[in-house]
Amino acid sequence: MANYAWVISMLAMTVAFPTFFLFSATRRRSLLVIALVSVVTAIVTALIAGLTQ
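Residues numbered from 1 in each chain as written. Predicted model: local features only at pLDDT ≥ 70, side-chain atom pairs only at ≥ 80, totals over all residues. Heavy atoms only, no water.

Colleague: It is not clear to me how helix H2 (residues 29-51) should be interpreted in this structure. Could you clarify?
Modeller: Each α-helix turn comprises 3.6 residues. Residues three or four places apart therefore point the same way. Taking 1.5 Å per residue, 23 residues should reach 33 Å; H2 reaches 33 Å between its end C-alpha atoms and fits that length. What H2 keeps buried is the set Leu31, Ala35, Ser38, Ala42, Thr45 and Ala49. On its buried side, H2 packs onto helix H1 (2-26). (Helix = DSSP H or I, 4+ residues; strand = E, 2+ residues; numbered from the N terminus. Expected span 1.5 Å × (residues − 1). Buried < 20%, exposed > 50% of the residue type's maximum accessible area, 1.4 Å probe, protein only. Contact = heavy atoms within 4.5 Å.)

Colleague: Sorry, what's going on with unusual backbone geometry here?
Modeller: Across residues other than glycine, the phi torsion is negative in most instances, and most of the peptide bonds are trans. Its identity is not glycine, yet Arg27 carries a phi of approximately 60°, on the positive side. Here Arg27 is to be found in the loop between H1 and H2. Among the residues examined, Arg27 registers a relative accessible area of 59% and is labelled exposed.

Right under this line is the structure:
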């Protein structure tokens, strides 16, 4: 389970990083929502990966 959580965490951060920069450039609120949800997903799944190792 830790391996799956780690992969999900890395994918979520891969989505969050460029999405936040796109939000900064365009100021579209939907991009901010996507970036924040991706960051929260990444943090939660990273904690799951770390705690279930």
